Amino acid sequence: MAQISGYHHLTLSTHGVQEDFDFYTKMLGLYSVKRTVLFDGVLPVYHLYYGAKNGDASTIITTFPFKKPGIYGRRGSNQSKIVMQAIPVGASDFWVNRLNEMGVTATKTTRFGADRVVFEHPCGIPHELVENPNDNRTPIANEAQGVSAEHGIKGIYGGAVSVMDRSAMDDFLTIALPMEKIADNHEGLAFAVPTNDGAKSIVEVLHEPEVPQGTWTLSGGTIHHLALNTGDEENQMALRAHIEGLGFTDISEQKDRMYFKSCYVRSPGGALFELAWTVPEGWAKDEPADAIGQTLVFPPWFEDRRAEMEAGLEPAEF
């Protein structure tokens, strides 16, 4: 059975580019890892990547700010609902105080036995910072933004998916994807994502049969997909074949994302998952390794449209 090793990234469609950039870098203390554009379709839309300074795979959050095109979605069921990032044990109070002082309403709660800070992206997408004692990753320190290694985000904890049919998602995550169910109670289901580094990553499934269907397309205010790390192409192709062989034929061919290669598959309800692995050059494919995320870069197939797309992008100060 082909394996995965934690998360690769999480991708959201947000609203304004400036509020998005400030939220992840100035408030949460992540670094700009890549500034490029949406590779699919024809709309000039930013694709922004945030994470650890060196762009470690398990730390990456990516966004498509859709304010200028004016495309908005509906958050709902059969869709990923919550972005969850890991923080050190005992760091919750720091983040509650910091976020509230910066104008973002933040409170503490507990789910599946894990203490967490609950707040929202400026466009409304729910976020949580989860205290994870099993995570041995070094926290992301960004002293320039007032975030020390004592409190910094460690990377992706997981994603929470809202579903109408919990049994179908249970089967998908344990049979189609190699995950282990670790909780099944009134709060929902929780599945451990296999990892190679001791960082316990999670997919949480929230049973919400009365919640209307959410948007599946790329549209502002929604989470687009959760990306799992296959490590290499061999694992990616083996897992793709396994999933397709089970009858999940809504799985894409491999797509070239410049810095990684991807296949996408919809779970039974519709929440989108990605299988991804980073190419050898990684983020340094089009920028110096010690200066990633500092310039606006385009894939080769868009170079002839650079001037047009730059003119169509929403203005922002990075």
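Anything mentioned here points back to the structure above.
On a predicted model such as this, the values are computed, not experimentally measured, just so you know.

Draft legend 1. Highlighting unusual backbone geometry. Residues other than glycine seldom take positive phi values, yet Asn78 does so here, at roughly 55°. When you line up the elements, Asn78 lands in the loop between strand S4 (60-65) and strand S5 (79-87). Although it is not a glycine, Phe112 adopts a positive phi angle of roughly 55°. Its place among the elements puts Phe112 in the loop between strand S6 (107-111) and strand S7 (114-120).

Draft legend 2. Local environment of the environment of Gln254. Within the fold, Gln254 resides in the loop between helix H4 (233-245) and strand S14 (255-256). At a separation of 3.0 Å, a polar atom in the side chain of Gln254 contacts the side chain of Glu233. One polar contact links Gln254 to Gln236, side chain to side chain, over a distance of 2.7 Å.

Draft legend 3. Layout of the sheet that holds strand S11 (residues 188-193). Spatial ordering of the open sheet is given by S6-S7-S8-S5-S9-S12-S11-S10, a layout of 8 strands whose pairing is mixed. Edge strands, defined here as strands with exactly one partner in the open sheet, are S6 and strand S10 (180-185). For this sheet, the mean inter-axis angle between neighbouring strands, taken without regard to orientation, is 25°. Pairing analysis gives 5 bridges linking S10 to S11, with the strands arranged antiparallel. Its bridge partner being in S11, Asp184 is matched across the sheet by Leu189. Along the sheet, helix H2 (residues 92-101) contacts S5, S6, S7 and strand S8 (126-131); its crossing angle with S7, the most-contacted strand, is approximately 10°.

Draft legend 4. Representation of the pairing of strand S15 (residues 260-266). Within S15, 6 of the 7 residues are buried, which leaves the element mostly enclosed by the surrounding structure. Bridge count between S14 and S15: 2 bridges; the pairing is antiparallel. Each residue of the ladder has a partner; that of Lys255, found in S15, is Ser262. Adjacent in sequence and paired antiparallel, S14 and S15 are bridged by 3 residues, among which Met258 carries a positive phi angle near 70°. Pairing of S15 with strand S16 (residues 272-278) involves 7 bridges; the strand directions are antiparallel. Pairing of Val265 across the sheet is with Phe273, part of S16. Between S15 and the antiparallel strand that follows it, S16, lie 5 residues; Gly270 among them carries a positive phi value of about 130°.

Calculation criteria
- Residues numbered from 1 in each chain as written.
- Predicted model: local features only at pLDDT ≥ 70, side-chain atom pairs only at ≥ 80, totals over all residues.
- Heavy atoms only, no water.
- Helix = DSSP H or I, 4+ residues; strand = E, 2+ residues; numbered from the N terminus.
- Polar contact = N/O pair within 3.5 Å; in protein donor to acceptor, adjacent residues only side chain to side chain.
- Pairing = 2+ DSSP bridges.
- Axes fitted to C-alpha atoms, helices over the stretch in contact; angles between N-to-C directions.
- Contact = heavy atoms within 4.5 Å.
- Buried < 20%, exposed > 50% of the residue type's maximum accessible area, 1.4 Å probe, protein only.

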